[in-house]
Amino acid sequence: MAEQLFKKRKQERKERNKKNRKLLSEKWLFVCEGSKTEPNYIKSLVNYVNEKTKASKLKIQVEGEGRNTEDLVRSIDNLLTDIDVYKGKSDIPYAKIFILFDKDSFGADKFDNAIRMSESRGYIPIWSNECFELWYVLHYIYCDADNGREWYFDKLSDILNIKYKKEKAMDVFSQIYSPERVKLALKRAEKLDSNFQIENAQFPPSKKVPCTKMYILLRELEKRLKIKFNNL
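Basis of the calculations
Residues numbered from 1 in each chain as written. Predicted model: local features only at pLDDT ≥ 70, side-chain atom pairs only at ≥ 80, totals over all residues. Heavy atoms only, no water. Pairing = 2+ DSSP bridges. Helix = DSSP H or I, 4+ residues; strand = E, 2+ residues; numbered from the N terminus. Right-handed = clockwise from strand over helix to strand, strands pointing away. Core = buried A, V, L, I, M, F, W, Y, C linked by side-chain atoms within 4.5 Å. Buried < 20%, exposed > 50% of the residue type's maximum accessible area, 1.4 Å probe, protein only. Contact = heavy atoms within 4.5 Å. Expected span 1.5 Å × (residues − 1). Arc of directions from axis to C-beta. Salt bridge = Lys/Arg side-chain N within 4 Å of Asp/Glu carboxyl O. Lys, Arg positive; Asp, Glu negative; His and termini not counted. 1 Å grid on protein atoms, 1.4 Å probe; cavity = no way out; pocket = protein on both sides within 12 Å on 5 of 7 lines; lining within 4 Å. Points joined across faces, edges and corners; volume = space filled by probe spheres on them. Nonpolar A, V, L, I, M, F, W, Y, C, P; charged D, E, K, R; others polar.

### So, the pairing of strand E2 (residues 60–64)
And step 1. Direction of pairing for strand E1 (residues 28–32) relative to E2: parallel, over a ladder of five bridges. Each bridged residue has a counterpart across the sheet, and for Phe30 the counterpart in E2 is Val62.
And step 2. Of the crossover connections in this fold, the one passing from E1 over helix H2 (residues 37–52) to the parallel E2 is right-handed.

### Focus on the nonpolar core
One recurring pattern in soluble globular proteins is that nonpolar side chains are buried together.
And step 1. Counting 47 residues, the largest nonpolar core has Tyr41, Leu100, Trp135, Tyr136, Met214 and Phe229 as its most contacted members.
And step 2. In contact with Tyr41, not counting residues within four places along its chain, are Phe132, Trp135, Tyr136, His139, Phe173, Ile176 and Met214.
And step 3. With 18 residues, the next largest nonpolar core counts Val31, Ala114, Trp127 and Phe196 among its residues.

### Digging into helix H6 (residues 149–160)
And step 1. Across its 12 residues, H6 extends 17 Å between first and last C-alpha, which sits within 8% of the 16 Å expected from 1.5 Å per residue.
And step 2. Restricting attention to buried positions, one finds in H6 the residues Tyr152, Phe153, Leu156, Ser157 and Leu160. Seen along its axis, H6 keeps its buried residues to an arc of 140°; they face one direction.
And step 3. The inward-facing, buried residues of H6 contact helix H5 (133–137) and helix H7 (172–176).
And step 4. In the stretch just after H6, Asn161 is the one whose phi turns positive, near 60°.

### Focus: the pattern of salt bridges
And step 1. Throughout the structure, instances matching the rule amount to 10 salt bridges.
And step 2. Across the salt bridge formed by Asp102 and Lys166, the nearest N and O atoms sit 3.4 Å from each other. Taken as a pair, Asp102 in strand E3 (residues 96–102) and Lys166 in the loop between H6 and H7 lie far apart in primary sequence, 64 residues in all.
And step 3. Classification of Asp102 by relative accessible area gives buried; the value is 1%.
And step 4. What emerges from the salt-bridge pattern is a single network uniting Lys96, Glu220 and Lys223.

### Things to note about the environment of Ala189
And step 1. Here Ala189 is to be found in helix H8 (residues 179–194).
And step 2. In this structure the C-alpha to C-alpha distance between Ala189 and Lys213, which are 24 residues apart in sequence, comes to 7.2 Å.
And step 3. Those residues in contact with Ala189 that sit more than four places away from it in its chain are Trp135, Leu138, Thr212 and Tyr215.

### What to know about the side chain of Glu38
And step 1. Inspection of the secondary structure assignment puts Glu38 in helix H2.
And step 2. It turns out Glu38 is buried and unbridged, and the closest side chain with the opposite charge, Lys166, is 4.0 Å from it.
And step 3. Leave out the neighbours within four places in its chain, and Glu38 touches Cys32, Leu100, Asp102, Phe132, Lys166 and Glu167.

### Thoughts on empty space enclosed by the protein
Once rolled over the atoms, a probe with the size of a water molecule shows which space is left empty.
And step 1. Enumeration over the complete set of coordinates arrives at one cavity of 30 Å³ or more.
And step 2. Empty space within the largest cavity amounts to approximately 80 Å³.
And step 3. Lining the largest cavity are 14 residues, with Thr37, Asn40, Tyr136, Met170 and Val172 sitting closest to its centre.
And step 4. Looking at the lining of the largest cavity, the elements that each hand over two or more residues are H2 and H7.
And step 5. A per-element tally of the lining of the largest cavity places H2 first, with three residues.
And step 6. Residue composition of the lining of the largest cavity, by class: six nonpolar, two polar and six charged.

What follows is the structure, given as structure tokens:
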């Protein structure tokens, strides 16, 4: 009798562990260079689309590391190593891992290498050249000139009618989001990227300016949550 009870409990634990691994694997991890700008936007974006979908809600973990380029990639390596040690290597902690960082003033080699490192590890690099604020501006206008990062801050200050400061705790998402504007931002970001897809030409990410991969993240959200941003 005791042996049967032991087997039953063992099987129950096995089923719970299997379920827990499945739940863990459905979570998406976002590791951001900035400690406020990108994390605040990602959280607001995912909260919004979770409310609009009939699919199962997306669980996320957002980490604002305050690190840059290669160090940011290594911080994910360290995080996953810690999870392996603590929970065992049978766990699948995240279904997708996104890493968000900007070119800013960092050297071309470091920027390009961080993207290669990310891709080689299976992380999805969502980079912007020169800065994340390009994505915000694309909600309002299409710009394909290399204006420098300060230009985007000034443009956002005009658009939002406030003094825009990076890494200030601002709820930019609620101020810029609308189905029509995000539809335009997606098309404009995709067009910027396509500008560098010239036959027989090889452009490293550091030379793709202006450019942002934020459209990749939104397309991933559309697939996962079975939504279309222009219909929300």
